[in-house]
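Geometric and topological summary
Read off the chains here:
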Amino acid sequence: MKKHSYPGRFITFEGGEGVGKSTNIAFVADWLKEQGITVVVTREPGGTEIAEKIRNDLLKAHHSEDMTAMTELLLVFAARAQHIEKVIVPALQRGEWVICDRFSDSTMAYQGYGRELPRADIELLTGLVQKDLQPDCTLLLDAPVATGMARASRRAEQGIEQTDRFELEKLSFFEKVRQGFLELAAHSPRFHKLDATQPLDKVQRDIESVLKAVLSGDVT
Ligand code: Z5A
């Protein structure tokens, strides 16, 4: 896929549950604003009214029937089509930086590696929905599955959080997802894999180095 030609930058955060995506996105948004950059923070699935409705159905733990893997895949892309056209591309056209919590690498990792849907189908849908849009830079926060799960459950104890449909999956599912992310990162120069088991301030110094490289044009 060729690079997009919009004046803004598109940065995505990827990784398993509880690795620190939301925490570090807040840090990145503040850091970029300090550099005088206008930032749009968004997430997938979601980011628009319609896409958030699709998210609710995707994450709802119990439906009266099972959701098939193909339905899940198509819902993810339906939400993404709306998100790209209504939020991501307009912001990039205005020259803003879009920081997105998950994007289509999550689809390849969860629906491709996790659910074992044909990767060629996912690539086909990616081309159809994204056209020439791909992230300029993807920060993969990597940690053992158990570490992310422990963090997420500690966070859940502190607030009111409902278990979502993915959280009902077995450990082996999340191991396949992690492996998927690692394989994607190994084959694409836009990925920056960061060790998310480090103390938060060290993870943030690592993220800062990547962002400085993006700003100076050394990356992408
Ligand atoms: N999904 C899919 O299947 N296909 C797709 O295409 C897309 C998504 C786009 C919703 O994702 C689900 O959608 C997701 C995959 C699927 N399901 N799963 N699993 P989500 O992003 O909304 O949910 P999530 O992945 O479960 O994210 P999360 O639990 O919100 O985790 P996080 O944002 O990465 O972590 P956090 O909230 O920033 O941090 C967790 C806790 O750890 C928190 O208390 C922090 O203070 C703490 N923390 C963070 N960093 C550190 C460090 N370095 N040290 C110690 N403690 C830390």
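Description of the structure in this document. (Residues numbered from 1 in each chain as written. Predicted model: local features only at pLDDT ≥ 70, side-chain atom pairs only at ≥ 80, totals over all residues. Heavy atoms only, no water.)

For the chain, the count of helices and strands is 8 helices and 5 strands. In the chain, the succession of α and β elements from N to C terminus is β-α-β-α-α-β-α-α-β-α-α-β-α. Since a compact globule built from 220 residues should have a radius of gyration of about 17 Å, the 17 Å found for the chain is in line with a globular shape. Over its C-alpha atoms, taken along the principal directions, the chain stretches across nearly 50 × 40 × 35 Å. (Helix = DSSP H or I, 4+ residues; strand = E, 2+ residues; numbered from the N terminus. Rg over C-alpha atoms; globule rule 2.2 N^0.38 Å.)

As a further point, take the environment of Leu-32. Structurally, the position occupied by Leu-32 is in helix 1 (residues 21-34). Considering only alpha carbons, one finds Leu-32 and Leu-215, 183 residues apart in sequence, at a separation of 9.7 Å. If sequence neighbours within four positions are ignored, Leu-32 has contacts with Ile-37, Val-39, Trp-97 and Ile-99. (Contact = heavy atoms within 4.5 Å.)

As for its placement among the helices and strands, Ser-209 is situated in helix 8 (residues 200-216). Taking the relative accessible area as the measure of exposure, Ser-209 reaches 47% and is therefore partly exposed. The spatial distance from the C-alpha of Ser-209 to the C-alpha of Glu-17 is 24 Å, given a sequence separation of 192 residues. (Buried < 20%, exposed > 50% of the residue type's maximum accessible area, 1.4 Å probe, protein only.)

Tracing the chain through its elements places Asp-206 in helix 8. Looking at Asp-206, the relative accessible area reads 19%, which means it is buried. Looking at Asp-206, its side chain comes within polar contact range of the side chain of Lys-202, at 2.8 Å. Those residues within four positions of Asp-206 in sequence are excluded, and the remaining contacts are Leu-194 and Gln-198. (Polar contact = N/O pair within 3.5 Å; in protein donor to acceptor, adjacent residues only side chain to side chain.)

Running from N to C, helix 3 (residues 69-93) and helix 5 (residues 119-130) point in directions that differ by 20 degrees, and their axes come no closer than 10 Å. On the basis of the axis angle, helix 3 is roughly parallel to helix 5. Regarding helix 3 and helix 5, the two cross each other, and that crossing is right-handed. Two secondary-structure elements touch here, helix 3 through Met-70, Leu-73, Leu-74, Phe-77, Arg-80, Ala-81 and Ile-84 and helix 5 through Asp-121, Ile-122, Leu-125, Thr-126, Val-129 and Gln-130. (Axes fitted to C-alpha atoms, helices over the stretch in contact; angles between N-to-C directions. Parallel < 35°, antiparallel > 145°, perpendicular 65-115°, else oblique. Left-handed = near helix turned anticlockwise from the far one by under 90°.)

On the secondary structure map, Gln-204 appears in helix 8. Separated by 3.1 Å, the side chains of Gln-204 and Asn-24 make a polar contact. Those residues within four positions of Gln-204 in sequence are excluded, and the remaining contacts are Thr-23, Asn-24 and Phe-27.

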